[in-house]
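A closer look at the structure
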Amino acid sequence: ANIWRHPLAIPPPSEKDWPKADEEDFFLQDPDRKRDVLPQPFRMINKLVMQVFESAMEIVERREMLQQAQKQKVQLTKCSPTTEFQVTGRANCLAVSGKYIFVGLSEGLAAFSTCDCKEICAWDAVKTEICAIDASDLGNESHVLLAVDEMGLVRLFCFHKESFLLIKALNEVGDISKRSSCVEVVLSLGGYYAGVLLQGKCRNMVYNTKAWLEIYRLPKDSWLREMEKNPGAAAGLACSERRPSCTSVVHNILNTLLLQDSPVSANQADPKLDLPVLLLTVKPPKPITGSRFESPLDALKEVDDDSMLGLGYNHLIKDFQWELQETIFRSTYREYLEAEGVIKEEIPRHATFHFLLPGQVLQVGPDMEVQPDVPAGIGVHWDGNHNFCLYLLNHPLKEQVDSDLKPDVVWPCAAPIACSAVSSCSRYLALAGEDATITIWDKHLGFPLSVTTILEERFIRSIHFL
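Rules behind the numbers
- Residues numbered from 1 in each chain as written.
- Predicted model: local features only at pLDDT ≥ 70, side-chain atom pairs only at ≥ 80, totals over all residues.
- Heavy atoms only, no water.
- Helix = DSSP H or I, 4+ residues; strand = E, 2+ residues; numbered from the N terminus.
- Buried < 20%, exposed > 50% of the residue type's maximum accessible area, 1.4 Å probe, protein only.
- Contact = heavy atoms within 4.5 Å.
- Areas by Shrake-Rupley, 256 points an atom, 1.4 Å probe, with all protein chains shown as cover.
- Pairing = 2+ DSSP bridges.
- Axes fitted to C-alpha atoms, helices over the stretch in contact; angles between N-to-C directions.
- Phe/Tyr/Trp six-rings, centres within 6.5 Å; stacked < 30°, edge-to-face > 60°.
- pLDDT = per-residue confidence, 0-100.
- Core = buried A, V, L, I, M, F, W, Y, C linked by side-chain atoms within 4.5 Å.
- Patch = residues over 30% accessible without salt bridge, like charges linked within 9 Å, V, L, I, M, F, W, Y side chains within 5 Å.
- Salt bridge = Lys/Arg side-chain N within 4 Å of Asp/Glu carboxyl O.
- Lys, Arg positive; Asp, Glu negative; His and termini not counted.
- Polar contact = N/O pair within 3.5 Å; in protein donor to acceptor, adjacent residues only side chain to side chain.

From N to C terminus, the protein includes 10 helices and 20 strands. For the protein, with 466 residues in total, the buried portion stands at 34%. The contacts in the protein between residues at least 6 apart in sequence include a share of 51% that link residues at least 24 apart. Counting every atom, the protein has about 31,600 Å² of accessible surface; 56% of that belongs to carbon and sulfur.

Okay, structure coming up:
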């Protein structure tokens, strides 16, 4: 038997037991992991599995953060309609005035009550599609309406005692080829005035389209007096214009027989309401054109004080020079203009207009009676124009309709006006330019209250006061 005769001792350290440079943190490693080191190719597989696991954990954490942020956002309340009303055909537009909802249908008009959403009256005498409508409250349960059909014909209605009374088609002419189409209709608050934006093609130009604005004064007081004098006629007209149904046909026949037997005069059966008066016609500003004079002498003859800027032909630009400059410009930059869609059919001009109450900027004459709730003028701006023009509504009728009307007040802007809005009190005016700058004006004081510029390159299409 071998017996160890020397005492046990700790052996001295050797060089092979020293830790290597990449294993200085060997005391932090898991002993089991140190002992169970996988050989190749299992280590590569293990590394790929760990990468997939870490990527999956990152995706899970990202989704959890998004869900947490979504919970912290304000949740929008989903509102369901409280009530619905059925219409005959297709509803294209609607307007609310007082306790009535007027709907433009695929065939005619219909009036509904805001209380129970039931149909009260309908007008479909012409079987035409109504595309735009505007309504205003006249008082005494009467309302005025402007309706535009699919052909651009605008009709003026008076709604009284639950019946539609057709007063006049404002742009109707005998020759349909000469008819101008309506683009937009606006009624003033209270039904004192009506504005109609019309367009029509010029005879000698194919692509040019002329546009103008017509302002009508509505005889509101005479309409109310006439309707109060003849209340039975409105009820009879309502029965004749209401859309027939299975239960109403018999009643209509009986009403017709009763009306024939009763001694009702013709004026009572068909009330004659006064027609609106064309107050003024506003045309777009004329573009810069060349001189129509052949020589400086002709120009001096047209000047009252015999004064003129310039001394010779070089100071007069004629029409053919403008046309030549336009031709050179388009031929030089044709590819850029075609890319931008400039060399195409000219877009019809459009105007935005508002009825304005009296104020410091829009002052009426001292001999004119000022009513605080009656518009005293209109504000108009045309697309692509820098000026906001104000026109008074108290000029003589012949001067406004026959002559080329000039604005009473002009507000120039640094950029073309894109859109505008007027507050409900008609004191504040907001103008948004094509350079994304919004200016709020106080019309009573005549100076801007604030100027806001949107830093991003945006085009403002509409603005509203809340």
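Spatially, β17-β18-β19-β20 is the arrangement adopted by the four strands of the open sheet, whose pairing is antiparallel. Of all strands in the sheet, those bounded by a partner on one side alone are β17 (417–422) and β20 (447–453). Direction aside, neighbouring strands of the sheet carry axes that sit 20° apart on average. Pairing between strand β18 (residues 428–433) and strand β19 (residues 437–442): five bridges, direction antiparallel. Across the sheet, residue A432 finds its bridge partner in β19, namely I438.

With that settled, the discussion passes to the packing of aromatic side chains. By the definition in use, this model includes 12 aromatic pairs. Both rings, one in F102 and one in F164, keep their centres 6.1 Å apart while their planes meet at 65°; by these two values the pair is edge-to-face. Of this pair, F102 sits in strand β2 (residues 100–105) while F164 sits in strand β8 (residues 164–169), and the two are 62 residues apart along the sequence. Take F102 and F164: they sit in the same class, and that class is buried.

Here the focus is the confidence of the model for the protein. When pLDDT is averaged across the protein, the result is 75; 67% of the residues are at 70 or more. Counted against residues more than four places away or in other chains, residues 236–269, with its pLDDT under 50, gives 28 contacts. Predicted confidence is poor over residues 343–348, with pLDDT under 50, and the contacts of this stretch with residues over four places away or in other chains come to nine contacts.

This paragraph deals with the sheet that holds strand β3 (residues 109–113). Pairing in this open sheet of four strands is antiparallel, and the strands run β1-β2-β3-β4 from one edge to the other. Looking along the sheet, the strands with just one partner apiece sit at the ends: β1 (91–97) and β4 (119–123). When strand polarity is set aside, the average angle formed by the axes of neighbouring strands in this sheet is 20°. Examined bridge by bridge, β2 and β3 share five bridges and lie antiparallel to one another. Residue I101 lies in a different strand from β3, and its bridge partner there is F112.

Turning our eyes to something else, we now look at the nonpolar core. Of all hydrophobic cores here, the largest spans 23 residues; its most connected members are L146, V154, V196 and W223. Counting only elements with at least two residues in this core, the list comes to β6 (142–149), β7 (154–160), β8, β9 (181–187), β10 (193–201), β11 (209–217) and α3 (220–229). Aside from chain neighbours lying at most four places away, what touches V154 is L146, A147, V148, K168, A169, L170, N171, C182, V185 and V196. L197, I215, V374 and L405 belong to the second-largest nonpolar core, a separate cluster that totals 20 residues.

A word on a nonpolar patch on the surface. Taken together, the side chains of F42, M44, I45, L48 and V49 make up a nonpolar region of the molecular surface, amounting to roughly 490 Å² of accessible area. Residue position: M44 is located in helix α2 (residues 42–72).

Looking now at the pattern of salt bridges. Evaluated as defined, the whole model comprises five salt bridges. The salt bridge involving E129 is made with R90; its shortest N-O contact spans 2.5 Å. Linking E129 in the loop between β4 and β5 (130–139) with R90 in the loop between α2 and β1, this pair joins segments that are 39 residues apart in sequence. Using a relative accessible area of 45% as the deciding quantity, one classes R90 as partly exposed.

Let us look at the side chain of K443. Tracing the backbone through its elements, the reader meets K443 in the loop between β19 and β20. We note that K443 is buried and unpaired, the nearest opposite charge coming from D442 at a distance of 7.3 Å. A polar atom in the side chain of K443 sits 2.4 Å from the backbone oxygen of S426.

Next up on the list: unusual backbone geometry. With glycine set apart, most residues show a phi of negative sign, and most peptide bonds adopt trans. One non-glycine residue, E141, lies in the positive phi region at around 60°. Tracing the chain through its elements places E141 in the loop between β5 and β6. Residue classification places E141 among the partly exposed positions, given a relative accessible area of 43%. We note that K161 has phi near 55°; this positive angle belongs to a residue other than glycine. Relative to the helices and strands, K161 is located in the loop between β7 and β8.

Within β2, six of the six residues are buried, leaving the element largely enclosed by the surrounding structure. Taking every second residue as pointing to the same face, both faces of β2 are buried, with Y100, F102 and G104 on one and I101, V103 and L105 on the other. Pairing analysis gives six bridges linking β1 to β2, with the strands arranged antiparallel. When the bridges of β2 are listed, A95 appears paired with F102. With antiparallel pairing between neighbouring strands as the criterion, β1 and β2 make up a hairpin whose turn holds two residues, including G98 at a positive phi of roughly 65°.

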